[in-house]
Amino acid sequence: MANPVEAALTTDAANALSGTTDPATGAVYNTIGQSPYYTAAYQKEAIWNRILALPNALRVVKDGETTFGVMAGTFCRHGQAVAYAGSTGNALTSNATNYISLSEAGALQVNTTGFPDASHVPLAAVTVGAGSYLHSNIADCRGRAMFHVVRQRELQPLPISLTAQCRNADGTALDATGAATRFKTVCGGWGSGTVVLQGQSAQGSTQTDTLGFVQALPPGYVAGADVKINVQAKYAGSGTAGAVKTLDIECYKLTAAGAVGADLCATAAVTLTSTFADATFTITAADLAAGDRLMVLVQTALQEDGGASALYAQIGSITLQYDRAMDA
């Protein structure tokens, strides 16, 4: 498809610019009949050249029959500036399309098979005939680096340590004993190695247990993208499970002063079963960015109807899931 042809100003509109200043560039339009005309033209050209310095950076130019040059310029790699000093007389392969790029370290690359992976900055594709090429045979490909969609890996897992990060709702450390409304750690020890968090037993009653942890969104998190909390849990024991057997979470964004706003969890409580199963809770992420601290509370509620046998909730794992930029 051909590029569109932009409509030109009418004669009256063009003449009305005489002696005015362009608000976007600061350049002054020549006054009709101005003498000498060239002074104003040079003043305006100096402004244009300063403006053109940026789009001229890293531009591939023809400097010989089968050679090319690259203008000096700078690109960004993981937030750090990488400068390229420019070069001349770089060889091209005849009877082929030459793909010119810079590595992430700023080294010039030329091949005839295509642009390398996304870690390179594409500059141009030059089609060379039998020993020569035209200026029009240079296809400027810098737009691939300047205009692109941020790629992201969806829902990368970040495991939460059950023993190091999880604490009681009041901030005290979990232990191997537990207490009413509190989980305890159950570790298999030597020869087993298992670790689960276990709530207090509900016998003829409803037992509610709560734990919490604080986790910052990692540096690679794509602002406003998906955040989820996955909890693998079940109920266990020989008691009779009643109507109440739920798992729920609350999630709050912490300010620097430790204050919180509204609960960001958008998923209702889920029903526990007698086998470990994943429960995924969606976090409202519109105002979240990398580095934000999340305070997450996990709560189980379990009713036992028999009255004599133990019934308790168990948590096998907690994972924060987030969308991460591909180059992070």
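All values derive from a computational prediction rather than experimental measurement.

Thresholds applied
- Residues numbered from 1 in each chain as written.
- Predicted model: local features only at pLDDT ≥ 70, side-chain atom pairs only at ≥ 80, totals over all residues.
- Heavy atoms only, no water.
- Patch = residues over 30% accessible without salt bridge, like charges linked within 9 Å, V, L, I, M, F, W, Y side chains within 5 Å.
- Areas by Shrake-Rupley, 256 points an atom, 1.4 Å probe, with all protein chains shown as cover.
- Salt bridge = Lys/Arg side-chain N within 4 Å of Asp/Glu carboxyl O.
- Helix = DSSP H or I, 4+ residues; strand = E, 2+ residues; numbered from the N terminus.
- Buried < 20%, exposed > 50% of the residue type's maximum accessible area, 1.4 Å probe, protein only.
- pLDDT = per-residue confidence, 0-100.
- Pairing = 2+ DSSP bridges.
- Phe/Tyr/Trp six-rings, centres within 6.5 Å; stacked < 30°, edge-to-face > 60°.
- Axes fitted to C-alpha atoms, helices over the stretch in contact; angles between N-to-C directions.
- Polar contact = N/O pair within 3.5 Å; in protein donor to acceptor, adjacent residues only side chain to side chain.
- Contact = heavy atoms within 4.5 Å.
- Core = buried A, V, L, I, M, F, W, Y, C linked by side-chain atoms within 4.5 Å.

## Here's the deal with a nonpolar patch on the surface
Phase 1 of the analysis: On the surface, Tyr37, Tyr38 and Tyr42 cluster together to form a nonpolar patch covering roughly 400 Å² of accessible area.
Phase 2 of the analysis: Position of Tyr37 relative to the elements: it lies in helix H2 (residues 37-52).
Phase 3 of the analysis: Taking the relative accessible area as the measure of exposure, Tyr37 reaches 56% and is therefore exposed.

## A few points about the confidence of the model for the protein chain
Phase 1 of the analysis: Chain-level statistics for the protein chain give a pLDDT mean of 93 and a share of 97% at 70 or above.
Phase 2 of the analysis: Predicted confidence in the protein chain is weakest over helix H3 (residues 143-146), with a mean pLDDT of 84, and strongest over strand S17 (residues 270-271), with 98.

## Looking at the pattern of salt bridges
Phase 1 of the analysis: Summed over all chains, the structure comprises three salt bridges.
Phase 2 of the analysis: We note a salt bridge from Asp140 to Arg142, for which the minimum N-O separation is 2.6 Å.
Phase 3 of the analysis: Judged by its relative accessible area of 46%, Asp140 is partly exposed.
Phase 4 of the analysis: Since its relative accessible area comes to 13%, Arg142 is described here as buried.
Phase 5 of the analysis: The shortest N-O distance in the salt bridge between Asp292 and Lys253 comes to 3.5 Å. Remark: Lys253 occurs in strand S16 (residues 241-254) and Asp292 occurs in the loop between strand S18 (277-283) and strand S19 (293-304); sequence separation between them is 39 residues.
Phase 6 of the analysis: Judged by relative accessible area, which is 16%, Asp292 ranks as buried.
Phase 7 of the analysis: Take Lys253: its relative accessible area is 32%, and that puts it in the partly exposed class.

## What to know about the pairing of strand S13 (residues 195-198)
Phase 1 of the analysis: Here strand S12 (residues 184-187) runs beside S13; their pairing, made up of four bridges, is antiparallel. Its bridge partner being in S13, Thr185 is matched across the sheet by Leu197.
Phase 2 of the analysis: Pairing of S13 with strand S20 (residues 312-325) involves two bridges; the strand directions are antiparallel. In the sheet register, Leu197 faces S20, and the bridge partner there is Ile315.

## Some thoughts on the packing of aromatic side chains
Phase 1 of the analysis: This model, assessed by the stated rule, comprises three aromatic pairs.
Phase 2 of the analysis: A centroid spacing of 6.3 Å and a plane angle of 45° characterise the contact between Tyr38 and Tyr42, whose relative ring orientation is tilted. One end of the pair, Tyr38, and the other, Tyr42, are both in helix H2, four residues apart, so they sit about a helical turn from each other.
Phase 3 of the analysis: For Tyr38, a relative accessible area of 41% gives the class partly exposed.
Phase 4 of the analysis: By relative accessible area, Tyr42 is classed as exposed at 55%.
Phase 5 of the analysis: Between Tyr99 and Phe115, the ring centres sit 5.2 Å apart and the planes meet at 75°, which makes this aromatic pair edge-to-face. Linking Tyr99 in strand S6 (residues 96-102) with Phe115 in the loop between strand S7 (108-111) and strand S8 (121-128), this pair joins segments that are 16 residues apart in sequence.
Phase 6 of the analysis: The exposure class assigned to Tyr99 is partly exposed, which follows from its relative accessible area of 22%.
Phase 7 of the analysis: One aromatic cluster in this structure is built from Tyr37, Tyr38 and Tyr42.

## Some words on the sheet that holds S6
Phase 1 of the analysis: One open sheet holds the four strands; their spatial order is S7-S6-S8-S9, and the pairing between them is antiparallel. What marks the edges here is a single partner per strand, and that holds for S7 and strand S9 (138-140). Between one strand axis and the next, the sheet turns through 20° on average, direction left out of account.
Phase 2 of the analysis: In this sheet, S9 lies alongside S8 in antiparallel orientation, the contact comprising three bridges. Residue pairing across strands places Ala124 opposite Asp140, the latter belonging to S9.

## Observations regarding the side chain of Asn98
Phase 1 of the analysis: For Asn98, the position within the fold is in strand S6.
Phase 2 of the analysis: Of the residues examined, Asn98 reaches a relative accessible area of 1% and is grouped as buried.
Phase 3 of the analysis: A polar contact is formed between the side chain of Asn98 and the backbone oxygen of Ala96, at a distance of 3.3 Å.
Phase 4 of the analysis: Apart from the residues within four sequence positions on either side, Asn98 is in contact with Leu92, Thr93, Val110, Asn111, Thr112, Ala124, Ala125, Val126 and Val128.

## Re the nonpolar core
Phase 1 of the analysis: The biggest cluster of nonpolar side chains holds 39 residues, and the ones touching the most others in it are Ile315 and Ile318.
Phase 2 of the analysis: Contributions of two or more residues to this core are made by strand S14 (206-216), strand S15 (227-236), S16, S18, S19 and S20.
Phase 3 of the analysis: Residue contributions to this core peak at six residues, all from S20.
Phase 4 of the analysis: Grouped together as the second largest cluster of nonpolar side chains are 17 residues, Val60, Val70, Ile100 and Leu102 included.

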